[in-house]
Amino acid sequence: MNDITREITEFLSAALRSEVGPDDDYFALGLADSLFALELVTFVESRFSLTVEVEDLDLESFRTANRITRFVQRKTGSPEFTENR
Amino acid sequence: MNRAPGTGSPAVAEAARFASEVRGRAAAWDREGGLPAGVLKEAAAAGLLGAGIPERFGGQGVTPAELGEICAHLGGVCSALRGLVTVQGMVAAALHRWGTGEQRARWLPALAGGELTAGFAATEEAAGSALSAVRTRIEDAGDGEHVTVTGHKKWITFGQVAQVLLVLGQDKGKPAAVVVEADREGVSREPVGGQLGMRAAQIAHIGLDAVRVPRTNLVAPSGLGLSHVAGTALDHGRFTVAWGCVGMAEACVEDATAHAAARTQGGEALAGHQSVRALLAKAAVETAGARELARRAAEFRSGGAPGSVTETIVAKYAAAAAAASASSTAVQVLGSAGCEPDSRAGRHFRDAKVMEIIEGAQQVAELHIAEQLMRRHAGRGPAPASPAAEVRA
Ligand SMILES: Cc1cc2nc3c(=O)[nH]c(=O)nc-3n(C[C@H](O)[C@H](O)[C@H](O)COP(=O)(O)OP(=O)(O)OC[C@H]3O[C@@H](n4cnc5c(N)ncnc54)[C@H](O)[C@@H]3O)c2cc1C
């Protein structure tokens, strides 16, 4: 797990009060209420200094921690955010 | 803009001037059930309708703290007027946050200048606190370019006059948001009058009978209409309601104190009684506490901090309670004068009760606040309340 994914899963696990793995779809698991979606957007924006635009708002890209990671990497284009293998 | 809040800001000073100018007219608006059309124009000319909209879209781009002070000034005079600024701001915030570049350019300047007034149409008969139950249908019109919107919305603030409505509906079972211009065929308005409070807010129930609108009026992809679009509008609404309640509570403390000092019964000023002083002290402390929480919410919002949604709920919860309590105290201390027709305290008392119900009822806010506390104890305690039950918190 890279640093972004770790931070995101930590945020998700705390916010949803449930251990969330990098590939868990927490919306499908019924863990998220609708206020949470907005909180998650605000978290990602403030933590990774980016702006989520409507064009990015494909629900799919926010479904799992790994997908959010890829989204952050795409938006920031930062090499430090590449996945460790 | 990095101006400090307070009267130093021209936008706030202008709102203060506007509020004091219309102060004497608010009771008549309440009695007659509406703001005169001229007042909407004056409010627009004073920049109030576009206060929170960024300058590049023709607004004033005020900071959250300044927007708060503006709403406190207006709320202290007339909740319906503050409500006008609230709904305009809610719709603008949702369009600014989740509209496309084209949608922002199309609607925001007109909303900022007040050429367009907006309504936020979410509530339905069977969907109040739990907005995921909305049944308004947004369906493909068959021509690839339009959708039809069919449903019945209730309690739309300024729904009697709004020219654009941000409507929450369902698109094939997914929550979706769409802008409906109110002059389109199939839109009908049923004015609501004589309700408990917000009597000048020109409320209407709104019928949508297969209203055809271009697909380009859909805001954000289907599925995100509630969590993101309505969510952003409601978050903004709760913030301005919180500050409006701070202003209302402050006005009530002021009126109650002035009356207690001036009125004598049985040879003694009302303020000479300990029990009256206790009422005043309690109201003053609750009000000051609410102001501090509203200020804190403003700080979270200006920093874009992730806790801003919750801090705003906390502020709205405390401020609605303070307004309800301080207005009840004011009516008590004023006695029959508080019960008179056109009594300011009496009007605030009625309006404040409404604030404990709309934009997330107090009990719904408590659920959310407690849920945040439980986060510190992951894995323990019962699971969060069902998603449907929490949308308004
Ligand atoms: C003056 C006024 C203006 C309004 N303006 C607008 C507007 O512009 N746009 C719009 O869309 N709507 C508007 N509304 C509607 C308003 O948002 C709803 O009234 C509000 O969301 C509550 O829904 P409800 O009235 O159906 O009450 P319900 O949802 O039936 O709730 C009634 C009570 O039940 C309790 N309750 C409900 N759910 C829970 C829960 N999960 N946990 C614990 N307790 C709960 C609360 O005490 C609540 O007060 C307005 C309403 C009024 C009165």
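- As annotated in an unreviewed UniProt entry, chain B carries the name Acyl-CoA dehydrogenase and is attributed to Streptomyces abyssalis.
- Checking UniProt for chain B, the heading Sequence similarities (unreviewed entry) contains the comment "Belongs to the acyl-CoA dehydrogenase family."
- Per UniProt, chain B carries the Cofactor (unreviewed entry) text "FAD".

- As recorded by an unreviewed UniProt entry, chain A carries the name Acyl carrier protein and is attributed to Streptomyces abyssalis.

**Section: the overall build of chain A**
- On a plain count of helices and strands, chain A comes out with 3 helices and 0 strands.
- Counting from the amino terminus, chain A carries its helices and strands in the arrangement α-α-α.
- Of all 85 residues assigned to chain A, the portion counted as buried reaches 55%.
- When contacts within chain A are restricted to residue pairs at least 6 apart in sequence, those whose partners lie at least 24 apart make up 55%.
- Surface exposure of chain A reaches about 4,000 Å², of which carbon and sulfur atoms provide 45%.

**Thoughts on the domain arrangement of chain B**
All names here are of chain B.
- In terms of domain boundaries, chain B breaks down into domain 1 (10–113), domain 2 (118–225) and domain 3 (227–390).
- Distance from the C-alpha centre of domain 1 to the C-alpha centre of domain 3: 21 Å.
- Each partner contributes to the roughly 2,200 Å² buried at the junction of domain 1 and domain 3, and carbon and sulfur atoms together form 62% of this total.
- For the domain 1 face of the interface with domain 3, the top three residues by lost area are P64, M90 and W98, together amounting to 23%.
- Scanning the region where domain 1 abuts domain 3 turns up 3 salt bridges.
- Where E69 meets R291, a salt bridge forms, and the shortest distance between an N and an O atom there is 3.0 Å.

**Topic: the UniProt feature "domain: Acyl-CoA dehydrogenase/oxidase C-terminal" (unreviewed entry) in chain B**
- Mapped onto this numbering, the UniProt entry gives "domain: Acyl-CoA dehydrogenase/oxidase C-terminal" (unreviewed entry) at residues 228–373 of chain B.
- In residues 228–373 of chain B, helix accounts for 82% and strand for 3%; the two terminal C-alpha atoms are 23 Å from one another.

**Let's talk about the pattern of salt bridges**
All names here are of chain B.
- Applying the stated criterion to the full structure yields 31 salt bridges over all chains.
- Notably, a salt bridge pairs K154 with E125, separated by 3.0 Å at the nearest N-O pair. Taken together, the residues K154 in strand 3 (residues 146–156) and E125 in the loop between strand 1 (118–121) and strand 2 (137–140) connect sequence positions 29 residues apart.
- Counted as one network, the salt bridges with shared partners bring together E14, R17 and E21.

**Digging into helix 12 (residues 362–374) of chain B**
- Here helix 12 of chain B contains 13 residues, and its C-alpha end-to-end distance of 18 Å stays within 8% of the 18 Å for a straight helix at 1.5 Å per residue.
- Within helix 12 of chain B, the full set of buried residues consists of B:Q362, B:V364, B:A365, B:H368, B:E371 and B:Q372.

**A look at the packing of aromatic side chains**
- Going through the model one piece at a time under the given rule, you end up with 5 aromatic pairs over all chains.
- Between the aromatic rings of A:Y26 and A:F36, the centroid separation amounts to 6.0 Å while the plane-to-plane angle is 90°, which identifies the pairing as edge-to-face. Of this pair, A:Y26 sits in the loop between helix 1 (3–16) and helix 2 (34–48) while A:F36 is found in helix 2, placing the two residues 10 residues apart along the sequence.
- Here the aromatic cluster, defined as three or more aromatic residues joined through ring pairs, consists of A:F11, A:Y26, A:F36, A:F43 and A:F48.
- One residue, B:R97, lies across the ring of B:W98, its end atom 4.3 Å from the ring centre.
- Across the ring face of B:W107, the terminal group of B:R106 is positioned such that the distance to the ring centre comes to 4.1 Å.

**Structural notes on the UniProt feature "domain: Acyl-CoA oxidase/dehydrogenase middle" (unreviewed entry) in chain B**
- Under the UniProt annotation, "domain: Acyl-CoA oxidase/dehydrogenase middle" (unreviewed entry) lies at residues 119–211 of chain B.
- In the segment residues 119–211 of chain B, helix accounts for 0% and strand for 51%; the C-alpha atoms at its two ends are 16 Å apart.

Procedures and definitions
Residues numbered from 1 in each chain as written. Chains lettered and ligands numbered in written order. Predicted model: local features only at pLDDT ≥ 70, side-chain atom pairs only at ≥ 80, totals over all residues. Heavy atoms only, no water. UniProt positions renumbered as here; feature names shortened; annotations may be inferred. Helix = DSSP H or I, 4+ residues; strand = E, 2+ residues; numbered from the N terminus. Buried < 20%, exposed > 50% of the residue type's maximum accessible area, 1.4 Å probe, protein only. Contact = heavy atoms within 4.5 Å. Areas by Shrake-Rupley, 256 points an atom, 1.4 Å probe, with all protein chains shown as cover. Domains from an automatic or database assignment. Buried area = accessible area lost by both parts, 1.4 Å probe. Salt bridge = Lys/Arg side-chain N within 4 Å of Asp/Glu carboxyl O. Expected span 1.5 Å × (residues − 1). Phe/Tyr/Trp six-rings, centres within 6.5 Å; stacked < 30°, edge-to-face > 60°. Lys NZ or Arg CZ within 6 Å of the ring centre and 35° of its normal.

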